[in-house]
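Single-letter residue listing:
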Amino acid sequence: MSHEDQTFIRTAGIVLAALVAITIMALVLASFVGGNDGDADPMVIAKADEWIAPVGERLSAEPSAASETMPTMAHEPVKAITAAEPMEVDGAKVTQTYCFACHGTGVPGSPQIGDSADWAGRIAQGIDTLYDSAINGKTSSTGVMPPKGGMMNLSDEQVKAAVDYMVSQAQ
Ligand code: HEC
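Below you will find a few notes about this structure. (Residues numbered from 1 in each chain as written. Predicted model: local features only at pLDDT ≥ 70, side-chain atom pairs only at ≥ 80, totals over all residues. Heavy atoms only, no water.)

### Quick look at the overall build of the chain
Next, step 1: When helices and strands are tallied, the chain shows six helices and two strands.
Next, step 2: The order of helices and strands in the chain, counted from the N terminus, is α-α-α-α-α-β-β-α.
Next, step 3: Looking at the 171 residues of the chain, the share that counts as buried comes to 16%.
Next, step 4: Nonlocal contacts in the chain, meaning residues at least 24 apart in sequence, comprise 48% of its contacts between residues at least 6 apart.
Next, step 5: Per element, the accessible surface of the chain, about 12,200 Å² overall, is 66% carbon and sulfur. (Helix = DSSP H or I, 4+ residues; strand = E, 2+ residues; numbered from the N terminus. Buried < 20%, exposed > 50% of the residue type's maximum accessible area, 1.4 Å probe, protein only. Contact = heavy atoms within 4.5 Å. Areas by Shrake-Rupley, 256 points an atom, 1.4 Å probe, with all protein chains shown as cover.)

Here it is as structure tokens:
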């Protein structure tokens, strides 16, 4: 047996011993973790039951409450929309949210909010023309105003309110 063979065998022995040791440690650890599961702190279990209970109780107690709420909710949407409308037909808000991307950031060709010089000629066309441009769009050699600024879900009223706001900012 050469010297190299002896070294190899010794190294292999050490590696094997290490593997066995690791395996034993893994087994011990596994049994420790598993065993811990079995005897979980009764206080923790009691607490967990306490946390879960309200949800369970609510779910089982709710059906009556829910069925009382449902008919009311069925009537509600109409009311909800009317209630939300005044806020949504807020020219400043619509402008900030949907029109600012072009009219507030200097997108070429778009009259900037507050740029009286650019707006003067447009306002001279009359408010109805501006409404029409905003709602149906306007294309000229200098730029494209997409219908409703590309936000087709906006109502005509919302767009008009935004135009009113832009016009007010130009005076
Ligand atoms: C994608 C960019 C863009 C968005 C978004 C946009 N606009 Fe415009 N808008 C333009 C451009 C460009 C023009 C200039 C068009 C022209 O004069 O040919 C313009 C012009 C206008 C004009 C003047 C029209 C006229 O007849 O001179 C109004 C009013 C207007 N926009 C309102 C709005 C409103 C209200 C919104 C938001 C609901 C909006 N725009 C969103 C690009 C945009």
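### Some points on the site of the ligand
Next, step 1: Around the ligand, the surrounding shell holds 26 residues, and the nearest of these are Cys-99, Cys-102, His-103, Ser-140 and Met-145.
Next, step 2: In the environment of the ligand, a nitrogen atom lies 2.7 Å from a nitrogen or oxygen atom belonging to the side chain of His-103.
Next, step 3: Gly-143 places a polar main-chain atom, nitrogen or oxygen, 3.3 Å from an oxygen atom of the ligand. (Near = heavy atom within 4 Å. Polar contact = N/O pair within 3.5 Å; in protein donor to acceptor, adjacent residues only side chain to side chain.)

### Structural notes on the pattern of salt bridges
Next, step 1: Applying the stated criterion to the full structure yields two salt bridges.
Next, step 2: In this structure, Asp-118 engages Arg-122 in a salt bridge whose closest nitrogen and oxygen atoms are separated by 3.1 Å. Taken together, the positions of Asp-118 and Arg-122, both in helix H4 (residues 116-124) and four residues apart, correspond to about one turn of that helix.
Next, step 3: Residue Lys-148 is joined to Asp-156 by a salt bridge in which the shortest nitrogen-to-oxygen separation is 2.9 Å. (Salt bridge = Lys/Arg side-chain N within 4 Å of Asp/Glu carboxyl O.)

### Topic: the packing of helix H5 (residues 127-136) against helix H6 (residues 156-169)
Next, step 1: H6 packs onto H5 with a crossing angle of 125° between their chain directions and a minimal axis gap of 9 Å. Here H5 lies oblique to H6, going by the angle between them. In the crossing of H5 with H6, the sense of the turn from one axis to the other is right-handed. In this structure, H5 contributes Ile-127, Leu-130, Tyr-131, Ala-134 and Ile-135 to the contact, and H6 contributes Asp-156, Val-159, Lys-160, Val-163, Asp-164 and Val-167.
Next, step 2: Here the contact of H5 with H6 is composed, by residue class, of eight nonpolar, no polar and three charged. (Axes fitted to C-alpha atoms, helices over the stretch in contact; angles between N-to-C directions. Parallel < 35°, antiparallel > 145°, perpendicular 65-115°, else oblique. Left-handed = near helix turned anticlockwise from the far one by under 90°. Nonpolar A, V, L, I, M, F, W, Y, C, P; charged D, E, K, R; others polar.)

### Thoughts on the coordination of the iron atom of the ligand
Next, step 1: Listed as protein donors to the iron atom of the ligand are His-103 (NE2) and Met-145 (SD); their distances from the metal cover 1.9 to 2.0 Å.
Next, step 2: Given six donor atoms and angles of 87 to 179° at the metal, the environment of the iron atom of the ligand is assigned as octahedral. In this pair, His-103 sits in helix H3 (residues 91-103) while Met-145 sits in strand S2 (residues 144-145), placing the two residues 42 residues apart along the sequence.
Next, step 3: We classify His-103 as buried; its relative accessible area is 9%. (Donors = N, O, S within 2.8 Å, 3.2 Å for Na, K, Ca; no water. Tetrahedral: all angles 85-135°; square planar, octahedral: opposite > 155°, others 65-115°.)

### Here's the deal with the nonpolar core
Next, step 1: Ranked by size, the top nonpolar core spans 14 residues in total, and within it Trp-119, Leu-130, Val-159 and Val-163 carry the most contacts.
Next, step 2: For this core, the elements supplying multiple residues, two or more each, are H3, H5 and H6.
Next, step 3: With five residues, the top contributor of residues to this core is H6.
Next, step 4: The contact partners of Trp-119, leaving out residues within four places of it in the chain, are His-103, Pro-111, Gln-112, Ile-113, Gly-114, Leu-130, Met-166 and Ala-170. (Core = buried A, V, L, I, M, F, W, Y, C linked by side-chain atoms within 4.5 Å.)

The values reported here are purely geometric and, on their own, carry no functional implication.
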